[in-house]
Amino acid sequence: MIEPFIITNAARCRDCYRCVRHCDVKAIRVQDGQAQVVPELCIICGTCIRSCPQKAKDVQSSVPEVKKLLQEGRRLIASLAPSAPAYFNFDNFSVMENALKELGFYAVEETAVGAEIVGLAHRDYVEQMPDRLPVITSSCPVIVNLIEKYHPDLIRHLAPIVSPMIAHGRLLAQKYGPEACIIFIGPCIAKKMEIKNSAASGLFSAAITFRGLADWFEEKGINPAEAKADYNAGLSSSVPADARLFPLEGGLIGTAGLSTDILNHKVIVATGLDTCRNILGDIRAGQLSASLVELMACTGGCINGPAMSDLAGGIYLSRQKILNYRRNSPSYKLPQRVDWPDLSCSYSDKKVPVPEFSEEQIKEVLRRVNKYTPDDELNCGACGYSSCREKAIATLRGMAEVTMCIPYMRRRSESLRQVVMDVSPNAILIVDDNLTVQDMSPSAEHLFGRMLFDVKGRHLSCLIPFYDDFTLVKDSGTPVIGKIRKLNDRIVAEQNIVRVEGQSLLVAIMRDITEHEIQKQKFLELRSQTLEQTREVVQKQMRVAHEIAHLLGETTAESKMIVSHLAKLLEKEDSK
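Since the model is a prediction, treat every value here as computed from it, not as a measurement.

So, how was this worked out
- Residues numbered from 1 in each chain as written.
- Predicted model: local features only at pLDDT ≥ 70, side-chain atom pairs only at ≥ 80, totals over all residues.
- Heavy atoms only, no water.
- Helix = DSSP H or I, 4+ residues; strand = E, 2+ residues; numbered from the N terminus.
- Rg over C-alpha atoms; globule rule 2.2 N^0.38 Å.
- Buried < 20%, exposed > 50% of the residue type's maximum accessible area, 1.4 Å probe, protein only.
- Contact = heavy atoms within 4.5 Å.
- Pairing = 2+ DSSP bridges.
- Patch = residues over 30% accessible without salt bridge, like charges linked within 9 Å, V, L, I, M, F, W, Y side chains within 5 Å.
- Areas by Shrake-Rupley, 256 points an atom, 1.4 Å probe, with all protein chains shown as cover.
- Salt bridge = Lys/Arg side-chain N within 4 Å of Asp/Glu carboxyl O.
- Axes fitted to C-alpha atoms, helices over the stretch in contact; angles between N-to-C directions.
- Parallel < 35°, antiparallel > 145°, perpendicular 65-115°, else oblique.
- Left-handed = near helix turned anticlockwise from the far one by under 90°.
- Nonpolar A, V, L, I, M, F, W, Y, C, P; charged D, E, K, R; others polar.
- Arc of directions from axis to C-beta.
- Core = buried A, V, L, I, M, F, W, Y, C linked by side-chain atoms within 4.5 Å.
- pLDDT = per-residue confidence, 0-100.

**Quick look at the overall build of the protein chain**
Line of reasoning, step 1. Per the secondary structure count, the protein chain includes 20 helices and 16 strands.
Line of reasoning, step 2. For 576 residues, the compact-globule estimate of 2.2 N^0.38 gives 25 Å, and the C-alpha radius of gyration of the protein chain, at 44 Å, exceeds that figure by more than 25%.
Line of reasoning, step 3. Relative to its full complement of 576 residues, the protein chain shows a buried share of 46%.
Line of reasoning, step 4. For the protein chain, restricting intrachain contacts to residue pairs at least 6 apart in sequence, the fraction spanning at least 24 positions comes to 67%.

Below, the structure written as structure tokens:
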């Protein structure tokens, strides 16, 4: 399995599919909502790194490996790409030479040396191989990857010449010997893969980006832009001035001594993957009469490489810095050809076969997202693929998920939402953090006696004068559950109010208990009346009992007196 050079931070990757939309070769696999780069399909252009809004894509850093080599006491030789002046803003090579030596490098040389001999080698190849015209330049590793993996039928047009990095690496290996550790420093992340190719086998110990080097400088407190230049110091190698323009559009053609006139029909210069792919299509169709076609994957050239994207300013400011550097730097005589290393290389067909799928299989995937006819296929591109059919094929290949269809998921979400909103017997009210009404269910419309279109976009107070519970949830995030409130003069409801996580929305579900409260109040009033009446009855009964007792007492006393009087009379009669 090929080592992945572009990695994904799973915690930051969030279902936006932007990397899929921007990937020219669709080398992104989405699985379980995570977008992962497929090494076998990737051309290492870095577009996914540039385009990711969450910074979830990045390239493996090789700086720790270089630091380890330094700790081991190895002799490090830096090959510095010619776009460095644009990134580090220097106009004299001694600035970077001294800064890198301060980090621990033994020697620092310009990759422009390799660029010079590669440019001349291209010119020789064009002259010697007329049957291969138009010749495609091979200096951009992304273009080489693109041809090997996606247009292998055009390999015969690709110049079998190594890149400036490899050419320079071979020169440095001759100069410093096999024990030296050569480190390439540049703006291109594809170099991390290129140094592992057979043409560069054993030459380079690591490839680090300008961004990685800048972080290392910051860690050590080194600022090349503020360093004092030694204008009397000679360069450590022979660097012709034109080779310093190599990272610009037309840089190779200019270095080769060919005409850079944009109206010259014998040479074509193109940057940006879209344009390059169009030109490859024209070459396949046999429609180009040019001799040399210089293709660069990054728009504007290497000065807009993926490790240059964090620079302030645009492409033309970087171009201006390169031109100024070339103008202010001394020119040297090129070494003799006998001292040049072998510049040859070979290419192979690395195309990954795409499985064939039947029409019924494709239609089955389309049906799973409710696309039954061509009219249902919106081809909106939101999923990252240019058509619904292309996305269906990607799904069958395991590169995409069915749920990546945003219009389908939106309709599904709205459908489920509508079902809930329509059938819920309780009133559902949705407001934002400004307490502005966003949505309400039909039952809420009935409860408040207001239609959604009348209140949407208005403050909650138009429905609920007493909304302090909403304010509490908005400010604290603490939900209100099962709280009974009088919403206005006529409505009493049981409120459940919660915040929607990740969104500035509050959702309230209100159960109308107005009738229940009315009945409850009536019951309380009836109970009060009953208690009062009961109290009155008891009091009357107590009073009657008291009066009866009083009367019984008087009657008993009278009876006693009469009986006593009668007894006395009887006693008197007996005594006679």
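**Let's talk about the pairing of strand β6 (residues 107-110)**
Line of reasoning, step 1. Residues of β6 alternate between two faces, with Ala107 and Glu109 on one and Val108 and Glu110 on the opposite face, all of them buried.
Line of reasoning, step 2. Pairing geometry for strand β5 (residues 76-80) and β6, over four bridges, is parallel. When the bridges of β6 are listed, leucine 80 appears paired with glutamate 110.

**Concerning a nonpolar patch on the surface**
Line of reasoning, step 1. Residues Val544, Ile548 and Leu552 make up a contiguous nonpolar surface patch of about 270 Å² in total accessible area.
Line of reasoning, step 2. Examined against the element boundaries, isoleucine 548 turns out to sit in helix α20 (residues 514-575).

**A look at the sheet that holds strand β9 (residues 204-209)**
Line of reasoning, step 1. Spatially, β6-β5-β8-β9 is the arrangement adopted by the four strands of the open sheet, whose pairing is parallel. With one partner strand each, in any of the chains shown, β6 and β9 form the two edges of the open sheet. Within the sheet, the average angular offset between the axes of one strand and its neighbour, ignoring direction, is 25°.
Line of reasoning, step 2. Where strand β8 (residues 181-186) lies against β9, five bridges are found, and the strand directions are parallel. Looking at the pairing, isoleucine 183 lines up with alanine 206 of β9.
Line of reasoning, step 3. Of the strands in this sheet, β5, β6, β8 and β9 touch helix α8 (residues 164-176), which is tilted by about 140° from β6.

**Quick look at the side chain of serine 318**
Line of reasoning, step 1. Following the sequence through the fold, serine 318 ends up in helix α13 (residues 315-328).
Line of reasoning, step 2. On the basis of relative accessible area, serine 318 is assigned to the buried category, the value being 7%.
Line of reasoning, step 3. Contacts of serine 318, omitting those with residues within four sequence positions, involve Ala86, Ile303 and Leu311.

**Comments concerning the packing of helix α7 (residues 141-150) against helix α12 (residues 273-284)**
Line of reasoning, step 1. At a minimum axis distance of 12 Å, the contact between α7 and α12 shows a crossing angle of 45°. Comparing their axes, α12 and α7 come out oblique. Considering the relative orientation of α7 and α12, their crossing is right-handed. Residue-level contacts link Val142, Ile143, Leu146 and Ile147 of α7 to Leu273, Cys276, Arg277 and Leu280 of α12.
Line of reasoning, step 2. In terms of residue class, the contact of α7 with α12 is made up of seven nonpolar, no polar and one charged.

**Details of helix α15 (residues 388-397)**
Line of reasoning, step 1. Within α15, the full set of buried residues consists of Cys388, Lys391, Ala392, Ala394 and Thr395. One side of α15 holds all its buried residues, which, seen down the axis, span an arc of 160°.
Line of reasoning, step 2. Lining the buried residues of α15 we find α14 (359-368).
Line of reasoning, step 3. Trailing α15 by a residue or two, glycine 398 shows a phi angle of about 85°, which is positive.

**A word on the nonpolar core**
Line of reasoning, step 1. Judged by nonpolar contacts, the single largest core of 129 residues is most densely connected at Leu100, Phe105, Ile185 and Leu213.
Line of reasoning, step 2. For this core, the element with the most residues is helix α6 (residues 112-128), which contributes nine residues.
Line of reasoning, step 3. Counting 24 residues, the second largest nonpolar core, distinct from the first, contains Val437, Met440, Ile464 and Ile497.

**Side note on helix α10 (residues 210-220)**
Line of reasoning, step 1. Residues Phe210, Gly212, Leu213, Trp216 and Phe217 constitute the buried set of α10. Viewed end-on, α10 has its buried residues packed into an arc of 160°, placing them on one side of the element. Set apart from the buried face of α10 by more than 90 degrees, the exposed residues are Glu218 and Glu219.
Line of reasoning, step 2. Of the surrounding elements, those touching the buried residues of α10 are α3 (63-71), β5, α4 (84-88), α5 (93-103), β8 and β9.

**Quick look at the pairing of strand β16 (residues 505-512)**
The side chains of a regular strand alternate, residue by residue, between the two faces of the sheet.
Line of reasoning, step 1. Sheet analysis places strand β12 (residues 427-432) next to β16, joined by six bridges and oriented antiparallel. Among the inter-strand pairings, valine 431 is bridged to a residue of β16, identified as leucine 506.

**Notes on the environment of cysteine 23**
Line of reasoning, step 1. Considering the arrangement of structural elements, one finds cysteine 23 in the loop between α1 (18-22) and β2 (28-31).
Line of reasoning, step 2. Among the residues examined, cysteine 23 registers a relative accessible area of 9% and is labelled buried.
Line of reasoning, step 3. In this structure the C-alpha to C-alpha distance between cysteine 23 and glycine 384, which are 361 residues apart in sequence, comes to 8.3 Å.

**A closer look at the packing of α5 against α10**
Line of reasoning, step 1. Look at α5 against α10: their axes get within 11 Å of each other, and the N-to-C directions meet at 65°. Classed by the angle they form, the pair α5 and α10 counts as roughly perpendicular. Here α5 and α10 pass one another in a crossing that is left-handed. Touching Met96, Ala99, Leu100 and Leu103 of α5 are Leu213, Trp216, Phe217 and Lys220, all from α10.

**Quick word on the confidence of the model for the protein chain**
Line of reasoning, step 1. Confidence along the protein chain averages 88 in pLDDT terms, with 93% of residues attaining 70 or more.
Line of reasoning, step 2. Low confidence marks residues 234-238, where pLDDT is under 50. Its contacts with residues over four positions away, or in another chain, come to 16 contacts.

**A closer look at the sheet that holds β12**
Strand pairs in the sheet, formed through backbone hydrogen bonds, run parallel or antiparallel to each other.
Line of reasoning, step 1. Spatial ordering of the open sheet is given by β13-β12-β16-β15-β14, a layout of five strands whose pairing is antiparallel. One side of each edge strand has no neighbouring strand; the edge strands of this open sheet are β13 (437-440) and β14 (480-486). In this sheet, neighbouring strand axes are inclined to one another by 25° on average, regardless of whether the strands run parallel or antiparallel.
Line of reasoning, step 2. Strand contacts of helix α19 (residues 468-476): β12, β14, β15 (492-500) and β16, with the helix running at about 20° to β15, the strand carrying the most contacts.

**Brief notes about the pattern of salt bridges**
Line of reasoning, step 1. As enumerated under the stated definition, the model contains 19 salt bridges in all.
Line of reasoning, step 2. Of the charged contacts, one joins arginine 284 and aspartate 153 as a salt bridge, the two residues approaching to 2.8 Å between their closest N and O atoms. Separated by 131 residues along the polypeptide, arginine 284 in helix α12 and aspartate 153 in the loop between α7 and α8 bring together distant segments of the chain.
Line of reasoning, step 3. Arginine 367 is the partner of glutamate 364 in a salt bridge, and the nearest nitrogen-oxygen pair spans 3.1 Å. Here arginine 367 and glutamate 364 lie together in helix α14, a separation of three residues that amounts to about one turn.
Line of reasoning, step 4. Linked through salt bridges whose partners overlap, the residues forming this network are Asp468, Asp469, Lys483 and Arg485.

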